[in-house]
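What the coordinates show
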Amino acid sequence: MFATYLIGLREGLEATLVVSILVAFLVKSQRRDRLPQVWAGVGLAVALSVLFGWLIEYTSTSLLARSEDRELFEAITSVAAVVFVTWMIFWMRKAARTIAGELRGKLTEALAVGSLAVAGMAFLAVIREGLETALIFYSAAQGAAGDSGPLLALIGGIVTAVVLGVLLYASALKINLSKFFTWTGALLILVAAGILKYGVHDFQEAGVLPGLGDLAFDITATLDPSTWYAALLAGMFNVTPAPTVLETIAWIGYAVPVLVLFLRPTRRTPASGMATTAPAAPSTPARAAASAPGVEESERTSPPTTTVTERGADTGAEAEAASAPQRA
């Protein structure tokens, strides 16, 4: 249950921050008349994400008659979910310094095109998070058929993310987003390792991979599956007392190298050279809407104005995502 709550919180907060950047930019640029198009794009993205999640569940439970086909389908979706999680975590780590400026730049272009372009911009900004959430949730909740707990946990995580996003926008709450995304990213890597292990087990049950009866170890006497802590480990990271050899290789082979790559320090690019070439920030909201990239460059060279930056956030966009609504 905690794993699905974490998925909802992490993905929901990313989507909420994206929407807050778009809304704050429109408010700052005195283009509130375009806010309905933004919310229309967001609503359509949410609806399609829910439809996508229902379609995956319907395919698994209704369209696939044989148990082997269902196992194979679940295995494929598990592997796809691991790919999405890994890509999302490292993409966020790499693009964090420029994501806010890129979103504002794209929205500036969309404003020049028209209402449909604004709605499409908001739709594309949210739909990726929604589709990822649906796929990852389905894979993470495979062992809870007929149990509404994982779904409630996911909804709880999304609701928490929305509340945090609203509080950040209203400047009622300031958190170190860099540390938040680092810790949740590390936990999601462990969750993804468990999803991959589950996928390997499904491949074995479908007859695609061998070794279903070859156990790597059996510590059932020590880690009793009926205990609460065994259920917690199994539910969060799919750590089971009697895994197969291939399951164990998949879990360790994914978790260890990916964690090392994710947690290794990144080189910081000096911003001093940027200060000599960045144009001055526009003095009017209208000019701010016309030159969003210049705004971003000047903001990166200006003194920090938010608690997120003062606490030493490692990534500029994550701090900017929290501070942009405040400056609105």
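Every value quoted in this text rests on a predicted model; they were computed, and no experiment measured them. Numbering of residues begins from 1 in every chain and follows the order in which that chain's sequence is written. For this predicted model, a pLDDT threshold of at least 70 governs which residues receive local features, and a threshold of 80 or more governs which side-chain atom pairs are given and counted, while totals over whole chains, interfaces and linings are taken from all residues. Calculated side-chain values reflect all of the structure's heavy atoms, with hydrogen atoms and water omitted.

Regarding the confidence of the model for the protein chain
Reading predicted coordinates in detail is not appropriate for stretches of low pLDDT. As a per-residue measure, pLDDT reflects the predictor's confidence and takes values from 0 up to 100. The predicted model of the protein chain averages 75 in pLDDT, with 74% of residues at 70 or higher. Here a strand is any run of E in DSSP of at least two residues, a helix any run of H or I of at least four, and the numbering for each starts at the N terminus. Ranking the helices and strands of the protein chain by mean pLDDT puts helix α9 (residues 245–263) first, with 94, and helix α13 (residues 307–310) last, with 36. Overall, residues 271–328 carries pLDDT values under 50, and its contacts beyond four positions in sequence, including any with other chains, amount to 96 contacts. Should any heavy atoms of two residues lie within 4.5 Å, those residues are considered in contact.

As for the packing of helix α2 (residues 35–63) against helix α5 (residues 115–140)
At a closest axis distance of 7 Å, the pairing of α2 and α5 adopts a crossing angle of 30°. Relative to α5, the element α2 lies roughly parallel. Both α2 and α5 take part in a crossing whose hand is right-handed. Only Asp, Glu, Lys and Arg are considered charged, only Ala, Val, Leu, Ile, Met, Phe, Trp, Tyr, Cys and Pro nonpolar, and every remaining residue, Gly among them, polar. Residues that form the contact of α2 with α5 fall into these classes: 17 nonpolar, seven polar and one charged. Note on geometry: axes are C-alpha line fits, over the in-contact stretch for helices, and angles between N-to-C directions span 0 to 180 degrees. To sort the angles, those under 35 degrees are grouped as roughly parallel, those over 145 as roughly antiparallel, those from 65 to 115 as roughly perpendicular, and the leftovers as oblique. Crossing chirality is assigned from the near helix's rotation relative to the far helix, an anticlockwise turn below a right angle marking it left-handed and a clockwise turn marking it right-handed.

Points about the pattern of salt bridges
Between side chains of opposite charge, pairing is possible as soon as their charged atoms come close. By definition, a salt bridge exists where a carboxyl oxygen of Asp or Glu is found within 4 Å of a side-chain nitrogen of Lys or Arg. Taken as a whole and assessed by the stated rule, the structure comprises four salt bridges. In this structure, aspartate 33 and arginine 34 form a salt bridge, with 4.0 Å as the shortest nitrogen-oxygen distance. Burial status follows relative accessibility: with a 1.4 Å probe on protein chains alone, a residue under 20% of its type maximum counts as buried, one over 50% as exposed, and anything between as partly exposed. Residue aspartate 33 is classed as partly exposed on the basis of its relative accessible area, which comes to 48%. With a closest N to O distance of 3.0 Å, aspartate 69 and arginine 66 form a salt bridge. Connected via shared salt-bridge partners are Arg31, Asp33 and Arg34.

Details of the side chain of asparagine 238
Here asparagine 238 lies in the loop between α8 (228–237) and α9. In this structure asparagine 238 comes out as buried when scored by relative accessible area, which is 13%. For asparagine 238, the residues in contact, after removing those within four places along its chain, are Gly194, Lys197, Tyr198 and Leu233.

Side note on the nonpolar core
Proteins that are soluble and globular tend to have nonpolar side chains buried together. By size, the foremost hydrophobic cluster in this structure holds 31 residues, and its most contacted members are Ile89, Leu188, Ile189 and Tyr254. Elements that contribute at least two residues to this core include exactly α1 (2–28), α3 (67–95), α5, α7 (177–205), α8 and α9. By residue number, the principal contributor to this core is α7, which donates nine residues. Excluding residues within four positions of it along the chain, isoleucine 189 makes contact with Ile89, Tyr254, Ala255, Val258, Leu259 and Phe262. Only buried Ala, Val, Leu, Ile, Met, Phe, Trp, Tyr and Cys residues count toward a nonpolar core, and they belong to the same one when joined by side-chain atoms within 4.5 Å. In this structure, Val23, Leu26, Val27 and Ala45 belong to the second largest nonpolar core, which totals 23 residues.

Section: the environment of tyrosine 138
Relative to the helices and strands, tyrosine 138 resides in helix α5. Separated by 13 residues in sequence, tyrosine 138 and leucine 151 place their C-alpha atoms 9.5 Å apart. Excluding residues that lie within four positions of it along the chain, tyrosine 138 makes contacts with Ile56, Glu57, Ser60, Phe73, Glu74 and Thr77.

Focus: a nonpolar patch on the surface
Like charges within 9 Å and nonpolar side chains (Val, Leu, Ile, Met, Phe, Trp, Tyr) within 5 Å are joined into patches, using only residues over 30% in relative accessible area that form no salt bridge. For the accessible areas, the method is Shrake-Rupley and the probe is 1.4 Å, while residue cover comes only from the protein chains on display. There is a patch of nonpolar side chains on the surface, built from Leu44, Leu48, Leu51, Trp54, Leu55, Tyr58 and Leu63 and spanning about 690 Å² of accessible area. With respect to the helices, strands and loops of the structure, tryptophan 54 is situated in helix α2.

Quick look at the packing of aromatic side chains
When two rings of Phe, Tyr or Trp (its six-membered ring) have centres within 6.5 Å they constitute a pair, described as stacked for plane angles under 30 degrees, edge-to-face for angles over 60, and tilted for the intermediate range. Considering all chains together, one arrives at two aromatic pairs under this definition. Relative to tyrosine 58, the ring of tryptophan 54 lies with its centre 5.1 Å away and its plane at 15°, an arrangement referred to as stacked. Taken together, the residues tryptophan 54 and tyrosine 58, both in helix α2 and four residues apart, mark about one turn of the helix. A residue is classified by how much of its surface remains accessible, and tyrosine 58, at 35% relative accessible area, is partly exposed.

Structural notes on the environment of isoleucine 249
Note that isoleucine 249 resides in helix α9. Isoleucine 249 sits 52 residues away from lysine 197 along the chain, and the two C-alpha atoms are 8.5 Å apart.

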